[in-house]
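# Structural characterization, general
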Amino acid sequence: MTSAAERGKTKYQINLRRYLRECDVDRDLTRVICEIANASKYIINAIRTGDLGVAGTSNLYGEQQLALDVLADRIIQKRLMYSGVVANLASEELPDIIEVTHPSNKRYSIAFDPLDGSSLVDVNLAVGTIVSIFESDNLLQPGRNQVAALYVLYGPRTTMVVSTGKGVHEFAMNQLMEFDLVQENITMEGGAKVYAPGGTRAKYSPGTEKFARHLETNGAKLRYSGGFVPDINQVLIKRGGVFMYPHLSDAPQGKLRVLFELNPMAFLIEQAGGAASTGRGRMLDVEPQGIDDRSPIFIGSKEEIARLEQFIAEES
Ligand code: AHG
Ligand code: MN
Ligand code: MN
């Protein structure tokens, strides 16, 4: 397919649905991606005007849920339930996998984090939605089997970054709340312009500490907001950098969740020519044991991630 740049600016911007069609993306998969795009309009409204308080419930990790977490979860669940193409759903905010009972050809199963970084809304920082898509009824499989992944970033602009296995592309929401193509085939370059060190530095292992010092002495700028989506987006759009939420002395599995956060982001970054590691191996090869699995994560420029794995191997 000729790229948007080769085609030049058409009279109309190329919107998400048209772009996926021109890339011969399966109609049912396009349906899933466009349902998330539609859901994001209601989530934006909820973020801007919704209740910032607690919901009085907790998620499958035992973390207190915010009203926004529950609302965003319901908005996405409903659209996917009625999409007619989904078999099973798993949400970071739900205790179990849900089987779709409404009429459906049951082609795809989706794991999603409806509102990542929700605790940042009250300090007005960027948050996001993260989605992982399998063409299967089984969600407990390695992330390398995903057929697509995406995130929506609710920042000064609302953008969607998506891959169906044919490169990584960015769309921005226009004044009609439709997503228009901004850039396609985003590719990570070498080096690390920015780095996002999650967790508490004093609890880093010697290998991780050595890597953080390496990044700093090589001029990487510390860019950490506490929101996984904006922090990863910066590494991707700047074409170079590292995000890490490592194993910590009191949290050997780190903090981030395999199904809802790490598999989709690892898929996207690998599709952009980057790498994602648990520190000891490829993130997308992890065999999840349960929907609440967590893992340490080091993700970004390929040669930096290779260096990290070397430091961890040397220091352990
Ligand atoms: P969520 O809001 O879905 O629970 O995710 C929050 C995550 C992720 O967005 C971010 O990278 C990480 O928490 C930040 O953790 P710290 O607050 O410990 O830095
Ligand atoms: Mn999250
Ligand atoms: Mn969340």
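Residues numbered from 1 in each chain as written. Chains lettered and ligands numbered in written order. Predicted model: local features only at pLDDT ≥ 70, side-chain atom pairs only at ≥ 80, totals over all residues. Heavy atoms only, no water.

Quick look at the sheet that holds strand β4 (residues 98-99) now. The strand order β4-β3-β5-β6-β7-β8-β9-β10 describes an open sheet built from eight strands, whose pairing is mixed. What marks the edges here is a single partner per strand, and that holds for β4 and β10 (179-183). Note that strand β3 (residues 86-91) and β4 share two bridges and pair antiparallel. Bridging from a neighbouring strand, leucine 89 pairs with isoleucine 98 of β4. Helix α3 (residues 27-49) rests against β3, β5 (108-116), β6 (127-134), β7 (148-154), β8 (158-163), β9 (169-173) and β10 of the sheet, and its axis sits at about 20° to β7. Set on the sheet, helix α4 (residues 67-81) makes contact with β3, β4, β5 and β6; between it and β5 the angle comes to about 155°. (Pairing = 2+ DSSP bridges. Helix = DSSP H or I, 4+ residues; strand = E, 2+ residues; numbered from the N terminus. Contact = heavy atoms within 4.5 Å. Axes fitted to C-alpha atoms, helices over the stretch in contact; angles between N-to-C directions.)

Ranked by size, the top nonpolar core spans 57 residues in total, and within it Tyr151, Leu236, Phe243, Met265 and Ile297 carry the most contacts. Ranked by the residues each element gives to this core, the list is headed by helix α7 (residues 258-271), at nine residues. Among the domains, domain 1 (4-183) and domain 2 (194-315) are the pair contributing at least three residues each to this core. When residues no more than four places from it in sequence are discounted, the contact partners of isoleucine 297 are Phe243, Met244, Tyr245, Pro246, Leu256, Leu262, Ala276, Ser277 and Met283. By size, the runner-up hydrophobic cluster in this structure holds 46 residues, among which are Ile43, Ile44, Val86 and Met160. (Core = buried A, V, L, I, M, F, W, Y, C linked by side-chain atoms within 4.5 Å. Buried < 20%, exposed > 50% of the residue type's maximum accessible area, 1.4 Å probe, protein only. Domains from an automatic or database assignment.)

Once that is clear, we can look at the domain arrangement of the chain. Domain parsing of the chain yields domain 1 (4-183) and domain 2 (194-315). Opposite the 46 residues of domain 1 that make contact, domain 2 presents 34 residues. For the pairing of domain 1 and domain 2, the buried interface totals around 3000 Å² over both sides, and the portion due to carbon and sulfur atoms is 64%. Across the domain 1-domain 2 interface, the total number found is four salt bridges. For the side of domain 1 that touches domain 2, the elements supplying multiple residues, two or more each, are β3, β5, β6, β7 and β8. (Buried area = accessible area lost by both parts, 1.4 Å probe. Salt bridge = Lys/Arg side-chain N within 4 Å of Asp/Glu carboxyl O.)

So, about the pattern of salt bridges. According to the stated counting rule, one finds 22 salt bridges in the structure shown. Notably, a salt bridge pairs glutamate 35 with arginine 79, separated by 2.8 Å at the nearest N-O pair. With a gap of 44 residues between them, glutamate 35 in helix α3 and arginine 79 in helix α4 connect regions that are remote in the sequence. Of the residues examined, glutamate 35 reaches a relative accessible area of 9% and is grouped as buried. Residue glutamate 270 pairs with arginine 282 through a salt bridge whose shortest N-O separation is 2.7 Å. Here glutamate 270, found in helix α7, pairs with arginine 282, found in the loop between β14 (275-277) and β15 (297-300); they are 12 residues apart in sequence, far enough to count as distant. Classification of arginine 282 as partly exposed rests on a relative accessible area of 35%. What emerges from the salt-bridge pattern is a single network uniting Glu63, Glu92, Arg257, Glu261 and Arg294.

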